[in-house]
Amino acid sequence: MSIRTSKQRLMPILVSIASAAVFSIRWIKCLPFSGHMPVVSSEGPMRFGSYMIYAREPFSFPLGVIKSLTFPFNDADILRSSSVPIFAIFFKLLAKLYAPFLQFYYFTLVELAAVFFTAYLTYRLLEIFKVEFFLLRLLGSILCSLSFVFLVRSYYDHTLIAIHVPIYLAFAYVYIRLAKNPCARHFIAFLLVFILAALADPYVLFGICFMTSICILGHFLNLIFGNAYTGGKSFLSISAAFLIALFLSQEIIMLITAYHFPTTSSWASCLNFGLGGGQSVADVFSLIIPTAGRLQPRASYLAKMGFPVTTGDLPVGLDEGVVYLGTVICGLICVLLILGIVDIFRRPYLFLTRLKLKGISKLYLNISLTPGAIIGISAFLLYILSWGHVVHIFGHRIDAILFTPAGILAELHRRLFYIRSMGRLAIPFALYILIATIFWLNQYLVAHREIYRGAFRKRLCAFLVFILIALHVYEVRGYIKPAEVTPKIILNIFNNEEINVIKSLLKGKKALFLVPGVRDAYTENDIIKGEYASTWDKKCFALALYSEIPTNLEYDLRISSHSEVIKSDKTKILEGDLAALVDKYGDIAIASPLIFAESILERTDIPLRCYKMQNFAILVPIKRIKGQGGQYE
């Protein structure tokens with residue numbers, strides 16, 4: 001292997017390590033096995049607690065089902081707990097070999113890996129697009145891996161969404177390789193990306209399926225209007241790979257979960273249901289709406305310059321679609337547009353001649369769409385889909401637009417109404433614009449080589465690139481500053497004595513009913529939204545973990561009929577109708593905050609023993625003594 005080849009292989013790795021090193025500042029206080037984790041959002045206990053409960057259970061089929069949750073159905077799964085199934089399954093396997101992995105908070109490690117692979121794949125994509133300047137490949141890798149698209153998700157504690165970025169880049173990379181050179185190696189790599197997406201999140205799987213469908217259509221047009229041989233070869237290879245990938249993805253999902261979509265109600269339509277209800281979508285101009293205000297650590301440069309709309313002005317829910325390109329990229333786009341216009345006015349005849357030659361070549365030589373152009377079109381169409389069925393323009397809801405692509409598709413295929421957070425689908429187009437901007441900058445420099453001729457000019461260009469990198473890193477510094485840490489939540493709720501009491505009280509019980517539920521603690525109920533809203537969810541998962549018996553813990557996106565049954569059981573407990581539950585399920589127990597426990601004790605239709613602990617109580621029905629006239633112990 002030559003020195004040049006070794007350098008070509010080593011440089012993207014070194015660039016990726018540099019990007020990950022900068023991002024690692026965020027997790028410097030909570031490295032793996034440090035005993036600490038970052039302070040997380042309300043979904044943190046669900047994500048981490050679900051993993052620990054899942055890791056404690058033996059492997060069974062389906063692989064991702066968590067049997068200790070959603071009693072009496074026990075149909076919870078790791079796919080919808082935001083625990084990132086591919087890593088949850090892997091670390092559960094390691095936990096069987098090495099016990100500390102049972103309590104391993106792996107999400108920070110996942111994000112570090114995501115930054116590394118984002119930088120690496122960006123570098124390789126820029127190589128495919130023939131960006132010949134190393135400094136531009138470095139600039140592109142840094143801007144993508146430390147982009148607002150990724151960092152906003154990390155800052156919001158959405159690791160599951162943050163990993164969409166490297167998955168979309170991996171899809172683009174293997175698709176272009178397969179389209180240009182159909183071979184077994186690229187074919188298998190294409191399938192592996194779909195398997196990875198299926199093991200990550202349904203949203204990213206849906207996104208790459210949609211984009212592949214558009215890509216196949218693009219290659220079909222190439223087959224009809226372009227070179228029949230190359231177009232036909234690419235069309236057949238990508239179509240075959242997509243069909244096999246769909247089959248494998250479905251099998252993977254069924255392997256890790258037994259969940260099925262519920263049937264859609266007949267009244268559902270694009271005017272009153274689904275797709276986030278017009279929320280959780282992307283704004284039409286989300287690419288240029290700078291970050292500032294609500295949930296933002298620092299305002300971006302563009303916001304400080306007085307841009308009239310920022311992410312802080314967007315309605316609640318549109319956070320899902322935040323894909324701000326960054327001030328550096330927006331600035332480069334503006335500069336390139338100005339330089340292009342100047343070139344046209346300086347040499348109008350040359351511009352018109354080139355335009356004429358391009359038209360003639362497309363007419364007579366059947367120039368086909370390139371894979372890069374095709375994937376750009378597919379990303380743009382997915383971006384349009386991310387607007388949902390109610391369009392928002394600079395934060396203003398436009399109800400008059402009734403028939404958007406998302407609404408029409410959902411009407412044609414009713415299951416699409418269950419895609420709630422459409423804004424997540426805006427990610428690939430933002431990544432495409434980021435990479436395309438670096439490509440256009442490279443094209444301009446190649447066409448104007450006089451800019452960097454000479455040692456001084458080369459050094460000046462290098463200096464400007466490093467200035468751009470420094471400006472971007474400084475702009476996003478609020479997202480990469482060391483995160484606040486805490487001892488691992490759930491694990492620090494009870495001391496050893498309390499854990500032993502919990503295990504003793506609940507040993508042999510059929511199930512533990514937690515009232516109110518995890519999500520109930522975030523309602524507007526004045527009784528529970530104060531003290532209990534910040535602690536009850538953690539106690540619920542800690543009780544589920546240490547009791548080692550099934551619980552009625554549930555969370556979003558469960559089968560609707562099952563949720564109704566679980567809700568009905570909780571209502572019966574609050575109303576004191578416990579005899580029916582004991583007859584139905586057998587020997588059960590109840591855990592509830594003190595204020596609810598006292599109410600249950602007043603209303604119960606069977607005698608209960610009350611064991612108080614911290615600010616909650618465990619209620620255990622007193623058993624009847626056989627042969628003693630139905631008396632209780």
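Quick note: structure is the one above.
All of these numbers come straight from a predicted model, not from anything done at the bench.

Basis of the calculations
Residues numbered from 1 in each chain as written. Predicted model: local features only at pLDDT ≥ 70, side-chain atom pairs only at ≥ 80, totals over all residues. Heavy atoms only, no water. Buried < 20%, exposed > 50% of the residue type's maximum accessible area, 1.4 Å probe, protein only. Helix = DSSP H or I, 4+ residues; strand = E, 2+ residues; numbered from the N terminus. Pairing = 2+ DSSP bridges. Phe/Tyr/Trp six-rings, centres within 6.5 Å; stacked < 30°, edge-to-face > 60°. Lys NZ or Arg CZ within 6 Å of the ring centre and 35° of its normal. Core = buried A, V, L, I, M, F, W, Y, C linked by side-chain atoms within 4.5 Å. Contact = heavy atoms within 4.5 Å. Salt bridge = Lys/Arg side-chain N within 4 Å of Asp/Glu carboxyl O. Axes fitted to C-alpha atoms, helices over the stretch in contact; angles between N-to-C directions.

Visitor: Is there a simple way to think about the pairing of strand 10 (residues 616–621) in this case?
Guide: Regular strands have side chains that alternate between both faces of the sheet. Burial runs high along strand 10: six of the six residues are buried. Side chains Phe616, Ile618 and Val620 project from strand 10 onto one buried face, and the interleaved Ala617, Leu619 and Pro621 project onto a second face that is buried too. As defined by bridge partners, strand 8 (residues 588–593) adjoins strand 10 across four bridges and the pair is classed as antiparallel. From the neighbouring strand, alanine 591 faces strand 10, where its bridge partner is isoleucine 618. The loop that links strand 9 (residues 608–613) with its antiparallel partner strand 10 comprises two residues; one of these, glutamine 614, has a positive phi angle of about 55°.

Visitor: So what exactly am I meant to see when it comes to unusual backbone geometry here?
Guide: A negative phi angle characterises most non-glycine residues, just as the trans form characterises most peptide bonds. Note the cis peptide between phenylalanine 71 and proline 72, where omega equals 10°. A cis amide bond links valine 515 to the next residue, proline 516, at an omega of 0°. If you trace the backbone, proline 516 turns up in the loop between strand 7 (511–514) and helix 21 (536–547). Residues other than glycine seldom take positive phi values, yet threonine 70 does so here, at roughly 55°. Within the secondary structure, threonine 70 sits in the loop between strand 2 (65–66) and strand 3 (76–77). The phi angle at phenylalanine 394 is positive, at roughly 50°, despite the residue not being glycine. Position of phenylalanine 394 relative to the elements: it lies in the loop between strand 4 (391–393) and strand 5 (396–398). What makes phenylalanine 394 partly exposed here is its relative accessible area of 28%.

Visitor: It is not clear to me how the packing of aromatic side chains should be interpreted in this structure. Could you clarify?
Guide: Each aromatic ring pair is specified by the distance between its two centres and by the angle formed by the two planes. If you walk through the whole model with that rule in mind, you get 34 aromatic pairs. Note on phenylalanine 148 and tyrosine 479: the rings are 5.8 Å apart at their centroids and 90° apart in plane angle, and the pair reads as edge-to-face. Residue phenylalanine 148 is found in helix 6 (residues 148–155), and its partner tyrosine 479 is found in helix 19 (residues 477–480); the two are separated by 331 residues along the sequence. Side by side, phenylalanine 148 and tyrosine 479 carry an identical accessibility label, which is buried. Measuring from ring centre to ring centre gives 6.1 Å for phenylalanine 171 and phenylalanine 190, while their planes differ by 50°; the resulting arrangement is tilted. On the criterion of sequence distance, the pair formed by phenylalanine 171 in helix 8 (residues 164–180) and phenylalanine 190 in helix 9 (residues 184–198) is long-range, its members being 19 residues apart. For phenylalanine 171, a relative accessible area of 0% puts it in the buried group. Exposure remark for phenylalanine 190: the relative accessible area of 1% places this residue in the buried category. Members of the aromatic cluster, each reached through a chain of ring pairs, are Phe48, Tyr51, Phe90, Phe91, Tyr98, Phe101, Phe104, Tyr105, Tyr106 and Phe107. The ring of tyrosine 203 carries the charged tip of arginine 424 above its face, separated from the ring centre by 4.5 Å.

Visitor: Quick question: what am I supposed to make of the nonpolar core here?
Guide: Side chains that are nonpolar tend, in soluble globular proteins, to be buried together. The biggest cluster of nonpolar side chains holds 176 residues, and the ones touching the most others in it are Phe23, Tyr168, Phe171, Tyr175, Phe194 and Phe494. Among the elements that line this core, the one with the most residues is helix 8, at 13 residues. Other than its neighbours up to four places away in sequence, phenylalanine 194 contacts Phe171, Leu205, Ile208, Cys209, Thr212, Phe242, Ala245 and Ser249.

Visitor: So what exactly am I meant to see when it comes to the pattern of salt bridges here?
Guide: Once their charged atoms are close, side chains differing in charge can pair, the charge on each being opposite to the other. Applying the stated criterion across every chain, the model contains five salt bridges. When the shortest N-O distance is used, the salt bridge between aspartate 157 and arginine 47 registers 2.7 Å. Residue aspartate 157 is found in the loop between helix 6 and helix 7 (159–162), and its partner arginine 47 is found in helix 2 (residues 44–56); the two are separated by 110 residues along the sequence. Note on accessibility: aspartate 157 and arginine 47 belong to one class, buried. A salt bridge links aspartate 537 to lysine 538; the shortest N-O distance between them is 3.8 Å. Of the residues examined, aspartate 537 reaches a relative accessible area of 1% and is grouped as buried.

Visitor: I'm lost on the sheet that holds strand 9 in this one. Help?
Guide: Strands pair in a sheet through their backbones, by hydrogen bonds, and they do so in one of two ways: parallel or antiparallel. Taken together, four strands build an open sheet; the order of strands is 7-8-10-9 and the sheet is mixed. At either end of the open sheet lies a strand with only one pairing partner, and these are strand 7 and strand 9. Taking the axes of each pair of neighbouring strands and ignoring which way they run, one obtains an average angle of 25° across the sheet.

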